[in-house]
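A look at the structure
Residue strings, one per chain:
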Amino acid sequence: MDYFRAILQKEEYSERVLSLTEHIIRMNPAHYSVWQYRYRTLLKINAPLDKELELMNSMMAQNLKTYQIWHHRRLLQTHLREPYAELAFITKSLRPVPAQPEDDEDEEDDGEQLPETGVCDNTKPLPTPKTQPPAQPQKPATPAKSSVDTKNYHTWAYRQWLLAEFNSPELWAGELDFVDEMLRYDVRNNSAWHHRFFVTFENGIREGEEDRQAVARREIDYAKDKISYVPNNASVWNYLRGVLRTTQTPFKELETFVVPYTLSRPSASESEEAIDLENPRPLATAELPCALAIELLADINLEKAANSDESAADCLKKADELFASLAGEHDTIRRKYWEYRRNQAKKQQEAQPVLPVSE
(Lines give C-alpha, C1' and ligand atoms only; values in the text may rest on other atoms or scores of the structure.)
Protein backbone atom coordinates (compact mmCIF):
# COMPACT_ATOMS: atom_id res chain seq x y z
CA MET A 1 0.00 0.00 0.00
CA ASP A 2 2.99 2.32 0.41
CA TYR A 3 3.51 2.17 -3.35
CA PHE A 4 -0.14 3.07 -3.90
CA ARG A 5 0.03 6.02 -1.51
CA ALA A 6 3.14 7.18 -3.38
CA ILE A 7 1.46 7.19 -6.78
CA LEU A 8 -1.54 8.96 -5.28
CA GLN A 9 0.69 11.70 -3.95
CA LYS A 10 2.56 11.92 -7.24
CA GLU A 11 -0.66 11.63 -9.29
CA GLU A 12 0.96 9.14 -11.60
CA TYR A 13 -1.07 7.58 -14.41
CA SER A 14 0.75 4.81 -16.25
CA GLU A 15 0.78 1.14 -17.18
CA ARG A 16 2.58 0.27 -13.98
CA VAL A 17 -0.23 1.92 -12.04
CA LEU A 18 -2.63 -0.52 -13.71
CA SER A 19 -0.41 -3.43 -12.72
CA LEU A 20 -0.18 -2.19 -9.13
CA THR A 21 -3.90 -1.57 -8.75
CA GLU A 22 -4.71 -4.99 -10.22
CA HIS A 23 -2.38 -6.58 -7.68
CA ILE A 24 -4.06 -4.72 -4.80
CA ILE A 25 -7.56 -5.46 -6.06
CA ARG A 26 -6.85 -9.16 -6.26
CA MET A 27 -5.87 -9.03 -2.58
CA ASN A 28 -8.72 -6.73 -1.54
CA PRO A 29 -11.45 -6.45 -4.19
CA ALA A 30 -13.52 -4.09 -1.99
CA HIS A 31 -10.93 -1.28 -1.89
CA TYR A 32 -13.00 1.44 -3.54
CA SER A 33 -10.17 4.03 -3.61
CA VAL A 34 -8.00 1.68 -5.65
CA TRP A 35 -10.87 0.97 -8.05
CA GLN A 36 -11.50 4.67 -8.55
CA TYR A 37 -7.86 5.46 -9.20
CA ARG A 38 -7.62 2.56 -11.62
CA TYR A 39 -10.60 3.88 -13.57
CA ARG A 40 -9.08 7.35 -13.76
CA THR A 41 -5.81 5.83 -14.97
CA LEU A 42 -7.57 3.89 -17.73
CA LEU A 43 -9.06 7.11 -19.07
CA LYS A 44 -5.89 9.18 -18.66
CA ILE A 45 -3.66 6.82 -20.64
CA ASN A 46 -6.42 5.88 -23.08
CA ALA A 47 -6.13 2.18 -22.26
CA PRO A 48 -8.27 -0.28 -24.27
CA LEU A 49 -11.44 -0.66 -22.20
CA ASP A 50 -12.48 -3.86 -23.93
CA LYS A 51 -9.36 -5.51 -22.49
CA GLU A 52 -10.30 -4.15 -19.08
CA LEU A 53 -13.76 -5.69 -19.45
CA GLU A 54 -12.16 -9.05 -20.25
CA LEU A 55 -10.17 -8.74 -17.05
CA MET A 56 -13.38 -8.06 -15.13
CA ASN A 57 -14.94 -11.16 -16.67
CA SER A 58 -12.09 -13.28 -15.38
CA MET A 59 -12.40 -11.79 -11.89
CA MET A 60 -16.17 -12.18 -11.58
CA ALA A 61 -16.16 -15.77 -10.36
CA GLN A 62 -14.44 -14.93 -7.07
CA ASN A 63 -15.98 -11.50 -6.57
CA LEU A 64 -19.62 -11.89 -7.53
CA LYS A 65 -20.87 -10.25 -4.33
CA THR A 66 -18.38 -7.37 -4.36
CA TYR A 67 -20.14 -4.12 -5.19
CA GLN A 68 -17.01 -2.33 -6.42
CA ILE A 69 -16.42 -4.68 -9.35
CA TRP A 70 -20.00 -4.14 -10.55
CA HIS A 71 -19.66 -0.37 -10.25
CA HIS A 72 -16.40 -0.49 -12.22
CA ARG A 73 -18.12 -2.57 -14.87
CA ARG A 74 -20.87 0.03 -15.07
CA LEU A 75 -18.33 2.82 -15.58
CA LEU A 76 -16.70 0.84 -18.40
CA GLN A 77 -20.03 0.39 -20.17
CA THR A 78 -20.71 4.14 -20.12
CA HIS A 79 -17.76 4.36 -22.54
CA LEU A 80 -17.92 1.04 -24.39
CA ARG A 81 -21.68 1.30 -25.09
CA GLU A 82 -22.00 -2.42 -25.88
CA PRO A 83 -25.16 -3.42 -24.02
CA TYR A 84 -26.16 -6.46 -26.08
CA ALA A 85 -23.07 -8.54 -25.41
CA GLU A 86 -23.12 -7.35 -21.82
CA LEU A 87 -26.74 -8.40 -21.28
CA ALA A 88 -25.93 -11.81 -22.74
CA PHE A 89 -23.05 -12.17 -20.28
CA ILE A 90 -25.31 -11.22 -17.35
CA THR A 91 -27.96 -13.68 -18.54
CA LYS A 92 -25.43 -16.49 -18.40
CA SER A 93 -24.28 -15.31 -14.96
CA LEU A 94 -27.81 -15.77 -13.62
CA ARG A 95 -28.85 -18.99 -15.30
CA PRO A 96 -28.63 -22.05 -13.04
CA VAL A 97 -26.84 -24.04 -15.75
CA PRO A 98 -23.83 -22.39 -17.42
CA ALA A 99 -23.98 -21.92 -21.16
CA GLN A 100 -22.57 -24.59 -23.43
CA PRO A 101 -19.44 -23.74 -25.50
CA GLU A 102 -20.32 -21.58 -28.46
CA ASP A 103 -18.64 -23.53 -31.23
CA ASP A 104 -21.33 -24.01 -33.86
CA GLU A 105 -24.10 -22.15 -35.62
CA ASP A 106 -26.87 -24.08 -33.89
CA GLU A 107 -26.35 -22.20 -30.64
CA GLU A 108 -29.56 -20.20 -30.85
CA ASP A 109 -31.76 -23.14 -31.78
CA ASP A 110 -32.00 -24.80 -28.37
CA GLY A 111 -32.50 -23.35 -24.92
CA GLU A 112 -30.32 -24.56 -22.07
CA GLN A 113 -31.89 -27.38 -20.07
CA LEU A 114 -32.85 -26.53 -16.51
CA PRO A 115 -32.87 -29.12 -13.72
CA GLU A 116 -36.25 -30.08 -12.29
CA THR A 117 -37.00 -28.75 -8.84
CA GLY A 118 -40.21 -30.60 -8.09
CA VAL A 119 -42.01 -27.43 -7.07
CA CYS A 120 -42.65 -25.55 -10.28
CA ASP A 121 -45.46 -25.93 -12.75
CA ASN A 122 -43.26 -26.52 -15.75
CA THR A 123 -39.55 -27.12 -15.94
CA LYS A 124 -39.29 -26.97 -19.70
CA PRO A 125 -37.07 -23.95 -20.43
CA LEU A 126 -38.16 -21.18 -22.72
CA PRO A 127 -36.06 -20.24 -25.75
CA THR A 128 -32.95 -18.20 -25.07
CA PRO A 129 -33.97 -14.51 -24.94
CA LYS A 130 -32.93 -12.60 -28.02
CA THR A 131 -30.60 -10.16 -26.29
CA GLN A 132 -28.32 -9.45 -29.25
CA PRO A 133 -29.74 -8.28 -32.59
CA PRO A 134 -27.99 -9.29 -35.81
CA ALA A 135 -26.45 -5.82 -36.23
CA GLN A 136 -24.32 -6.30 -33.11
CA PRO A 137 -21.18 -8.35 -33.80
CA GLN A 138 -19.92 -8.65 -30.20
CA LYS A 139 -19.56 -12.17 -28.89
CA PRO A 140 -20.46 -12.35 -25.19
CA ALA A 141 -18.02 -13.94 -22.78
CA THR A 142 -18.99 -17.13 -20.97
CA PRO A 143 -18.90 -16.86 -17.16
CA ALA A 144 -16.98 -19.42 -15.16
CA LYS A 145 -19.10 -22.12 -13.53
CA SER A 146 -18.59 -20.68 -10.04
CA SER A 147 -19.78 -17.24 -11.20
CA VAL A 148 -23.38 -18.41 -11.65
CA ASP A 149 -25.67 -17.17 -8.88
CA THR A 150 -29.40 -17.04 -9.62
CA LYS A 151 -30.21 -14.63 -6.77
CA ASN A 152 -27.20 -12.32 -6.50
CA TYR A 153 -28.45 -8.81 -5.76
CA HIS A 154 -25.60 -7.03 -7.56
CA THR A 155 -26.11 -9.02 -10.76
CA TRP A 156 -29.82 -8.23 -10.91
CA ALA A 157 -29.24 -4.56 -10.01
CA TYR A 158 -26.64 -4.27 -12.75
CA ARG A 159 -29.01 -5.90 -15.23
CA GLN A 160 -31.67 -3.32 -14.37
CA TRP A 161 -29.21 -0.46 -14.78
CA LEU A 162 -28.14 -1.84 -18.17
CA LEU A 163 -31.74 -2.01 -19.39
CA ALA A 164 -32.67 1.45 -18.12
CA GLU A 165 -29.44 3.13 -19.25
CA PHE A 166 -29.57 1.96 -22.87
CA ASN A 167 -33.36 1.56 -23.02
CA SER A 168 -33.43 -0.22 -26.37
CA PRO A 169 -36.55 -2.17 -27.43
CA GLU A 170 -34.31 -5.08 -28.42
CA LEU A 171 -32.86 -5.20 -24.90
CA TRP A 172 -36.28 -5.28 -23.25
CA ALA A 173 -37.78 -7.74 -25.71
CA GLY A 174 -36.81 -10.97 -23.98
CA GLU A 175 -36.96 -9.89 -20.34
CA LEU A 176 -40.31 -11.37 -19.34
CA ASP A 177 -39.42 -14.65 -21.04
CA PHE A 178 -36.11 -14.70 -19.20
CA VAL A 179 -37.76 -14.01 -15.83
CA ASP A 180 -40.34 -16.70 -16.49
CA GLU A 181 -37.53 -19.14 -17.21
CA MET A 182 -35.85 -18.25 -13.92
CA LEU A 183 -39.10 -18.71 -12.00
CA ARG A 184 -39.74 -22.06 -13.67
CA TYR A 185 -36.45 -23.18 -12.17
CA ASP A 186 -37.02 -21.60 -8.72
CA VAL A 187 -40.41 -20.04 -8.03
CA ARG A 188 -39.07 -18.67 -4.73
CA ASN A 189 -36.41 -16.51 -6.39
CA ASN A 190 -37.32 -13.14 -4.89
CA SER A 191 -34.80 -11.35 -7.13
CA ALA A 192 -36.56 -12.67 -10.23
CA TRP A 193 -39.95 -11.56 -8.89
CA HIS A 194 -38.56 -8.09 -8.20
CA HIS A 195 -37.11 -7.92 -11.71
CA ARG A 196 -40.46 -8.88 -13.22
CA PHE A 197 -42.07 -5.99 -11.34
CA PHE A 198 -39.30 -3.66 -12.51
CA VAL A 199 -39.79 -4.66 -16.16
CA THR A 200 -43.60 -4.53 -16.08
CA PHE A 201 -44.37 -1.51 -13.91
CA GLU A 202 -41.31 0.58 -13.06
CA ASN A 203 -39.62 1.56 -16.30
CA GLY A 204 -42.04 2.85 -18.86
CA ILE A 205 -44.59 1.27 -21.15
CA ARG A 206 -43.35 -0.74 -24.07
CA GLU A 207 -45.00 -1.59 -27.38
CA GLY A 208 -47.83 -4.06 -26.97
CA GLU A 209 -48.41 -3.22 -23.30
CA GLU A 210 -50.32 0.05 -23.66
CA ASP A 211 -53.47 -1.52 -22.21
CA ARG A 212 -52.45 -1.36 -18.55
CA GLN A 213 -55.62 -3.06 -17.32
CA ALA A 214 -54.83 -6.06 -19.49
CA VAL A 215 -51.25 -6.06 -18.18
CA ALA A 216 -52.53 -5.94 -14.60
CA ARG A 217 -54.88 -8.85 -15.23
CA ARG A 218 -52.09 -10.84 -16.87
CA GLU A 219 -49.76 -10.33 -13.92
CA ILE A 220 -52.45 -11.12 -11.34
CA ASP A 221 -53.29 -14.35 -13.16
CA TYR A 222 -49.58 -15.18 -13.42
CA ALA A 223 -49.14 -14.76 -9.67
CA LYS A 224 -52.26 -16.80 -8.92
CA ASP A 225 -50.95 -19.67 -11.02
CA LYS A 226 -47.62 -19.71 -9.17
CA ILE A 227 -49.37 -19.54 -5.80
CA SER A 228 -51.50 -22.57 -6.66
CA TYR A 229 -48.36 -24.71 -6.96
CA VAL A 230 -46.40 -23.28 -4.00
CA PRO A 231 -48.78 -21.41 -1.65
CA ASN A 232 -46.28 -20.75 1.15
CA ASN A 233 -44.05 -18.53 -0.94
CA ALA A 234 -43.73 -14.99 0.39
CA SER A 235 -42.13 -13.70 -2.83
CA VAL A 236 -45.18 -14.28 -5.02
CA TRP A 237 -47.66 -12.99 -2.41
CA ASN A 238 -45.60 -9.80 -2.09
CA TYR A 239 -45.53 -9.51 -5.87
CA LEU A 240 -49.31 -9.93 -6.00
CA ARG A 241 -49.80 -7.21 -3.39
CA GLY A 242 -47.46 -4.92 -5.33
CA VAL A 243 -49.46 -5.42 -8.52
CA LEU A 244 -52.74 -4.69 -6.72
CA ARG A 245 -51.43 -1.49 -5.15
CA THR A 246 -49.67 -0.25 -8.30
CA THR A 247 -52.72 -0.83 -10.50
CA GLN A 248 -55.12 0.35 -7.76
CA THR A 249 -56.99 -2.95 -7.92
CA PRO A 250 -59.14 -3.50 -4.80
CA PHE A 251 -57.96 -6.37 -2.63
CA LYS A 252 -61.53 -7.65 -2.39
CA GLU A 253 -61.40 -8.77 -6.02
CA LEU A 254 -59.15 -11.63 -4.90
CA GLU A 255 -61.38 -12.87 -2.07
CA THR A 256 -62.75 -15.81 -4.05
CA PHE A 257 -59.23 -16.88 -4.93
CA VAL A 258 -57.76 -16.41 -1.44
CA VAL A 259 -60.38 -18.17 0.73
CA PRO A 260 -59.47 -21.80 -0.22
CA TYR A 261 -55.88 -21.14 0.83
CA THR A 262 -57.01 -20.12 4.33
CA LEU A 263 -58.69 -23.46 5.00
CA SER A 264 -57.05 -26.60 6.34
CA ARG A 265 -58.46 -28.48 3.37
CA PRO A 266 -61.29 -27.61 0.97
CA SER A 267 -64.51 -29.46 1.65
CA ALA A 268 -65.53 -32.41 -0.49
CA SER A 269 -68.21 -30.36 -2.23
CA GLU A 270 -65.69 -27.64 -3.08
CA SER A 271 -63.17 -30.11 -4.45
CA GLU A 272 -65.80 -31.54 -6.77
CA GLU A 273 -66.68 -28.18 -8.28
CA ALA A 274 -65.76 -27.37 -11.87
CA ILE A 275 -62.24 -26.07 -12.36
CA ASP A 276 -62.06 -22.28 -12.14
CA LEU A 277 -59.22 -21.14 -14.38
CA GLU A 278 -59.36 -17.59 -13.00
CA ASN A 279 -59.06 -18.81 -9.42
CA PRO A 280 -56.88 -21.94 -9.37
CA ARG A 281 -57.15 -23.96 -6.19
CA PRO A 282 -54.15 -25.28 -4.24
CA LEU A 283 -52.75 -28.67 -5.09
CA ALA A 284 -53.75 -31.65 -2.97
CA THR A 285 -50.20 -31.79 -1.58
CA ALA A 286 -50.15 -28.11 -0.50
CA GLU A 287 -49.46 -27.27 3.14
CA LEU A 288 -52.60 -25.48 4.30
CA PRO A 289 -53.77 -23.22 5.74
CA CYS A 290 -51.38 -20.65 4.30
CA ALA A 291 -50.48 -17.83 6.70
CA LEU A 292 -49.84 -15.45 3.80
CA ALA A 293 -53.35 -16.06 2.49
CA ILE A 294 -54.86 -15.54 5.95
CA GLU A 295 -53.08 -12.19 6.21
CA LEU A 296 -54.38 -11.09 2.81
CA LEU A 297 -57.92 -12.17 3.70
CA ALA A 298 -57.68 -10.10 6.88
CA ASP A 299 -56.55 -7.09 4.84
CA ILE A 300 -59.46 -7.68 2.45
CA ASN A 301 -61.86 -7.42 5.38
CA LEU A 302 -60.15 -4.27 6.64
CA GLU A 303 -60.46 -2.75 3.17
CA LYS A 304 -64.15 -3.61 2.98
CA ALA A 305 -64.72 -2.09 6.43
CA ALA A 306 -62.93 1.11 5.45
CA ASN A 307 -64.94 1.41 2.23
CA SER A 308 -68.24 0.47 3.91
CA ASP A 309 -68.78 -2.24 1.32
CA GLU A 310 -70.46 -4.43 3.93
CA SER A 311 -71.16 -4.24 7.64
CA ALA A 312 -68.00 -2.64 8.98
CA ALA A 313 -68.35 -4.30 12.38
CA ASP A 314 -68.62 -7.77 10.84
CA CYS A 315 -65.61 -7.20 8.59
CA LEU A 316 -63.49 -5.87 11.45
CA LYS A 317 -64.50 -8.79 13.64
CA LYS A 318 -63.51 -11.21 10.90
CA ALA A 319 -60.15 -9.47 10.46
CA ASP A 320 -59.54 -9.65 14.21
CA GLU A 321 -60.26 -13.39 14.21
CA LEU A 322 -57.86 -13.95 11.34
CA PHE A 323 -55.05 -11.99 13.02
CA ALA A 324 -55.72 -13.92 16.24
CA SER A 325 -55.38 -17.23 14.38
CA LEU A 326 -52.04 -16.09 12.99
CA ALA A 327 -50.78 -15.02 16.41
CA GLY A 328 -51.97 -18.11 18.22
CA GLU A 329 -51.55 -20.91 15.70
CA HIS A 330 -50.40 -20.34 12.14
CA ASP A 331 -47.53 -17.83 12.52
CA THR A 332 -46.61 -17.73 16.19
CA ILE A 333 -43.04 -16.60 15.53
CA ARG A 334 -44.51 -13.19 14.63
CA ARG A 335 -47.07 -13.21 17.42
CA LYS A 336 -46.31 -9.67 18.61
CA TYR A 337 -46.71 -8.30 15.10
CA TRP A 338 -50.13 -9.95 14.71
CA GLU A 339 -51.15 -8.63 18.12
CA TYR A 340 -50.19 -5.18 16.86
CA ARG A 341 -52.36 -5.70 13.77
CA ARG A 342 -55.23 -6.76 16.04
CA ASN A 343 -54.86 -3.56 18.05
CA GLN A 344 -54.87 -1.49 14.86
CA ALA A 345 -58.07 -3.23 13.73
CA LYS A 346 -59.68 -2.53 17.09
CA LYS A 347 -58.79 1.16 16.80
CA GLN A 348 -60.36 1.18 13.36
CA GLN A 349 -63.47 -0.39 14.84
CA GLU A 350 -63.64 2.16 17.65
CA ALA A 351 -63.41 4.96 15.11
CA GLN A 352 -66.50 3.71 13.28
CA PRO A 353 -69.48 6.07 13.73
CA VAL A 354 -72.22 4.81 16.03
CA LEU A 355 -75.51 4.62 14.14
CA PRO A 356 -78.62 5.76 16.00
CA VAL A 357 -81.03 3.06 17.04
CA SER A 358 -84.36 3.45 15.32
CA GLU A 359 -87.44 3.27 17.56
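Please refer to the structure placed before this passage.
Residues numbered from 1 in each chain as written. Predicted model: local features only at pLDDT ≥ 70, side-chain atom pairs only at ≥ 80, totals over all residues. Heavy atoms only, no water.

**A short note on the overall build of the chain**
- The helix and strand inventory of the chain stands at 17 helices and 0 strands.
- Taking the contacts inside the chain whose residues are at least 6 apart along the sequence as the reference set, 68% of them involve residues at least 24 apart.
- Surface exposure of the chain reaches about 19,600 Å², of which carbon and sulfur atoms provide 49%. (Helix = DSSP H or I, 4+ residues; strand = E, 2+ residues; numbered from the N terminus. Contact = heavy atoms within 4.5 Å. Areas by Shrake-Rupley, 256 points an atom, 1.4 Å probe, with all protein chains shown as cover.)

**Things to note about helix 5 (residues 67-80)**
- The first and last C-alpha atoms of helix 5 sit 20 Å apart over 14 residues, in line with the 20 Å expected at 1.5 Å per residue.
- Residues of helix 5 that are buried: Gln68, Ile69, Trp70, His72, Arg73, Leu75, Leu76, Gln77 and Leu80.
- Buried residues along helix 5 sit against helix 3 (32-44), helix 4 (49-59), helix 6 (83-94) and helix 7 (153-166).
- Count one or two residues on from helix 5 and you reach Arg81, which has phi positive near 55 degrees. (Expected span 1.5 Å × (residues − 1). Buried < 20%, exposed > 50% of the residue type's maximum accessible area, 1.4 Å probe, protein only.)

**Observations regarding the environment of Val34**
- Among the structural elements, Val34 can be located in helix 3.
- Those residues in contact with Val34, other than ones at most four positions away along the chain, are Phe4, Thr21, Ile24 and Ile25.

**Considerations on the nonpolar core**
- Core analysis: the biggest nonpolar cluster contains 86 residues, and Trp237, Leu240 and Val258 have the highest contact counts within it.
- Look past the residues within four positions of Leu240 in its chain and what remains in contact with it is Ile220, Ala223, Ile227 and Leu254. (Core = buried A, V, L, I, M, F, W, Y, C linked by side-chain atoms within 4.5 Å.)

**Quick notes on the pattern of salt bridges**
- Counted according to the given criterion, the structure contains 24 salt bridges.
- Between Glu86 and Arg73 there is a salt bridge whose closest N-O contact spans 2.4 Å. Of this pair, Glu86 sits in helix 6 while Arg73 is found in helix 5, placing the two residues 13 residues apart along the sequence.
- In this structure Arg73 comes out as buried when scored by relative accessible area, which is 0%.
- Put simply, Arg341 and Asp299 hold a salt bridge, and the shortest N to O gap is 2.6 Å. (Salt bridge = Lys/Arg side-chain N within 4 Å of Asp/Glu carboxyl O.)

**Thoughts on the packing of helix 7 against helix 9 (residues 175-185)**
- Contact geometry of helix 7 with helix 9 gives a least axis separation of 14 Å together with a crossing angle of 165 degrees. Considering the angle they form, helix 7 stands roughly antiparallel to helix 9. Every pair of crossing elements has a handedness; the one defined by helix 7 and helix 9 is left-handed. Judged by residue contacts, Trp156, Arg159 and Leu163 of helix 7 engage Glu175, Phe178 and Met182 from helix 9.
- Residue composition of the contact of helix 7 with helix 9, grouped by class: 4 nonpolar, no polar and 2 charged. (Axes fitted to C-alpha atoms, helices over the stretch in contact; angles between N-to-C directions. Parallel < 35°, antiparallel > 145°, perpendicular 65-115°, else oblique. Left-handed = near helix turned anticlockwise from the far one by under 90°. Nonpolar A, V, L, I, M, F, W, Y, C, P; charged D, E, K, R; others polar.)

**Details of the environment of Phe251**
- For Phe251, the location among the structural elements is in the loop between helix 12 (234-246) and helix 13 (255-258).
- Classification of Phe251 as buried rests on a relative accessible area of 10%.
- Separated by 10 residues in sequence, Phe251 and Arg241 have C-alpha atoms that sit 8.2 Å apart.
- If we skip the residues at most four places from it in the chain, Phe251 touches Arg241, Leu244, Arg245, Leu296, Asp299, Ile300 and Glu303.

**What to know about unusual backbone geometry**
- For the peptide bond that leads from Leu288 to Pro289, omega is 0 degrees, which places it in the cis range.
- Following the sequence through the fold, Pro289 ends up in the loop between helix 14 (268-271) and helix 15 (291-306).
- One non-glycine residue with positive phi stands out, namely Glu11, at about 55 degrees.
- Along the chain, Glu11 falls in the loop between helix 1 (2-10) and helix 2 (15-27).
- Taking the relative accessible area as the measure of exposure, Glu11 reaches 55% and is therefore exposed.
- Of note, Asn167 is a non-glycine position whose phi angle comes to about 45 degrees, a positive value.
- Note that Asn167 resides in the loop between helix 7 and helix 8 (169-172).

**Some points on the side chain of Thr21**
- Mapping Thr21 onto the fold places it in helix 2.
- Other than its neighbours up to four places away in sequence, Thr21 contacts Phe4, Val34 and Arg38.

**Re the packing of helix 2 against helix 4**
- For the pair helix 2 and helix 4, interaxial distance at closest approach is 13 Å and the crossing angle is 20 degrees. Relative to helix 4, helix 2 is oriented roughly parallel. Every pair of crossing elements has a handedness; the one defined by helix 2 and helix 4 is right-handed. Residues Glu22, Ile25 and Arg26 of helix 2 form the contact with helix 4, whose own contacting residues are Leu55, Ser58 and Met59.
- Split into classes, the residues belonging to the contact of helix 2 with helix 4 amount to 3 nonpolar, 1 polar and 2 charged.

**Overview of the side chain of Asn189**
- Within the secondary structure, Asn189 sits in the loop between helix 9 and helix 10 (190-201).
- A relative accessible area of 1% means that Asn189 is categorised as buried.
- Not counting residues within four places of it along the chain, the set of residues in contact with Asn189 comprises Thr150, Lys151, Trp156, Met182 and Leu183.

**Describing the packing of aromatic side chains**
- Taken as a whole and assessed by the stated rule, the structure comprises 17 aromatic pairs.
- Relative to Tyr261, the ring of Trp237 lies with its centre 6.4 Å away and its plane at 80 degrees, an arrangement referred to as edge-to-face. Of this pair, Trp237 sits in helix 12 while Tyr261 sits in the loop between helix 13 and helix 14; the two residues are 24 residues apart in sequence, bridging distant segments of the chain.
- The interplanar angle of 45 degrees and the centroid separation of 5.0 Å between the aromatic rings of Phe257 and Tyr261 together place this pair among those described as tilted.
- Through a chain of ring-to-ring contacts, the aromatic side chains of Trp193, Phe197, Phe201, Tyr222 and Tyr239 assemble into a single cluster.
- Over the ring of Trp172 we find Arg206; its NZ or CZ atom is 3.9 Å from the centre of that ring. (Phe/Tyr/Trp six-rings, centres within 6.5 Å; stacked < 30°, edge-to-face > 60°. Lys NZ or Arg CZ within 6 Å of the ring centre and 35° of its normal.)

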